[in-house]
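Report on the structure
Given next are the chains, with one letter for each unit.
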Amino acid sequence: MVLTINFLNAFSFYMISNILSSYLVEIGIGIALAGFVVGLFSITSLFCRPFSGLMSDRVNNVTLLKWSNILLGTGILGFAVTTDLSLLILFRIINGIGFAIGGTVQISLASKYIPPSRMGEGIGYLGLGMVVGSAVAPGIGLAISDLMGMKPAFVLAAALAAIAFLILCGFREEGCGKSLPKQKGKIRPGDLITPKALPFTVMAGSYSLINGIIASYLVLYAQELGIGQISAYFTVCAAVLFLMRPVSGKLMDKKGIRLPVIPGMILTASSMFLLGRISTLPLILLTGIIRSLGQGAAQPSLQAGCIQKVGLEQSGVATSTYYLGGDICQGLGPMAGGLIVGQLAGLAGYRVLFDLCGIIMLCALIFFCFYTGEKRWRKTNSSWRG
């Protein structure tokens, strides 16, 4: 049921991801302001993320998920009922709050129903909703907007959040899964951001930085090369991720965290070094396959490892701290990339940018090997064999 809600929320989010900026321009909002409104989502999510972890550990998770879907649906539906800029900003903020709460609480709730010995596999399955949503939902949103207009697309996306809410009405957290006592008492800094999860935040952030740069600059890079149909890259990546995530989780559960993560990071770094040195669509697609194999191997294992390291009773703050790296780097990556591409004209700028991504991933790999190679790690985490 949690996985079903994850799918619905992912489709609700990605259905409007490609049409929102166009819609804002269409109703008379300038491009700069449209970009500001769209970007508010990430900014709001970043600031709400620590508090979503705190709430996940202290409040009934099902209740929180209900509220997150109310906020998600309200925020999306608002774009269909008004063209006032101030209200659009408000609805975008509401949407961002709902997304931040939902993403954290889904992991926290699901972890209570996953056996500890299969945590990697379970987290791998849970991420499939976002993978499928990112591959399929944007096309559905565009098709609906072309056939019926953009407002019906917003209404349908909001309806998906409403369906998730209805499913949650028949779901009870109490009496199922692992009955863990909710934390009480004063709020400490560690309840918002836990230091134990920060190493995973750094490593996860390196993947999000690369994802942000690929999403922002791959199309422009392909145009510079004179290559068309580059959208096939994202479809191929989604398909490989869909197949890889559950497999990598099983590897982690059986062999320890190092087996999927180290090869995964090496593959990801290699794909970025290759990307800047090829000039045909088939080879670009090949780098996408390599990158997705690496990302699909490492990311679910890192996220499951983060929860196990912090402890199931703090799965909420562990998840929210983990996601902070993604929230920050997903935004900073394209900004830094723009500066690099702007300073170096033509293909040279993109090649330097992709090489830098590969170097950052190798640095993350060195950090991971050092972190998981400590004797203390092996003593306290026997299932994560070094």
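Residues numbered from 1 in each chain as written. Predicted model: local features only at pLDDT ≥ 70, side-chain atom pairs only at ≥ 80, totals over all residues. Heavy atoms only, no water.

1. Some thoughts on the overall build of the protein
Within the protein, the secondary structure is distributed over 16 helices and zero strands. Structurally, the protein occupies a C-alpha span of about 55 × 45 × 35 Å along its principal axes. By residue count, 54% of the 386 residues in the protein fall in the buried class. Partitioning the intrachain contacts of the protein with sequence separation of at least 6 by distance along the chain shows that 86% fall at a separation of at least 24. On the protein, roughly 16,200 Å² of surface is accessible, and the fraction owed to carbon and sulfur atoms is 70%. Distance between charge centres in the protein, computed from 28 positive and 14 negative side chains, equals 11 Å. (Helix = DSSP H or I, 4+ residues; strand = E, 2+ residues; numbered from the N terminus. Buried < 20%, exposed > 50% of the residue type's maximum accessible area, 1.4 Å probe, protein only. Contact = heavy atoms within 4.5 Å. Areas by Shrake-Rupley, 256 points an atom, 1.4 Å probe, with all protein chains shown as cover. Lys, Arg positive; Asp, Glu negative; His and termini not counted. Charge placed at Lys NZ, Arg CZ, Asp CG, Glu CD.)

2. Structural notes on the layout of surface pockets
Each pocket or cavity is described by its volume, and for the second largest pocket that value is around 200 Å³. Lining the second largest pocket are M1, V2, L3, A110, Y113, I114, P115, G122, Y125, L126 and F171. Per element, the largest residue contribution to the lining of the second largest pocket is three residues, and it comes from helix α6 (residues 119-126). Class assignment of the residues belonging to the lining of the second largest pocket gives a composition of ten nonpolar, one polar and no charged. (1 Å grid on protein atoms, 1.4 Å probe; cavity = no way out; pocket = protein on both sides within 12 Å on 5 of 7 lines; lining within 4 Å. Points joined across faces, edges and corners; volume = space filled by probe spheres on them. Nonpolar A, V, L, I, M, F, W, Y, C, P; charged D, E, K, R; others polar.)

3. Thoughts on the packing of α6 against helix α11 (residues 231-255)
α11 packs onto α6 with a crossing angle of 165 degrees between their chain directions and a minimal axis gap of 6 Å. By the angle class used here, α6 and α11 are roughly antiparallel. Here α6 runs over α11; the crossing is right-handed. Across the interface between the two elements, M119, G120, E121, I123, G124 and Y125 from α6 touch R245, P246, G249, K250, M252 and D253 from α11. Of the residues contributing to the contact of α6 with α11, the split by class is five nonpolar, three polar and four charged. (Axes fitted to C-alpha atoms, helices over the stretch in contact; angles between N-to-C directions. Parallel < 35°, antiparallel > 145°, perpendicular 65-115°, else oblique. Left-handed = near helix turned anticlockwise from the far one by under 90°.)

4. Focus on the pattern of salt bridges
This structure, assessed with the given rule, holds three salt bridges. A salt bridge links R118 to E121, with the nearest nitrogen and oxygen atoms 3.0 Å apart. Relative accessible area serves as the criterion here: at 7%, E121 is assigned to the buried category. Residue R277 pairs with D355 through a salt bridge whose shortest N-O separation is 2.6 Å. Of this pair, R277 sits in the loop between α12 (258-275) and α13 (281-310) while D355 sits in helix α15 (residues 347-372); the two residues are 78 residues apart in sequence, bridging distant segments of the chain. For R277, a relative accessible area of 54% corresponds to the exposed category. (Salt bridge = Lys/Arg side-chain N within 4 Å of Asp/Glu carboxyl O.)

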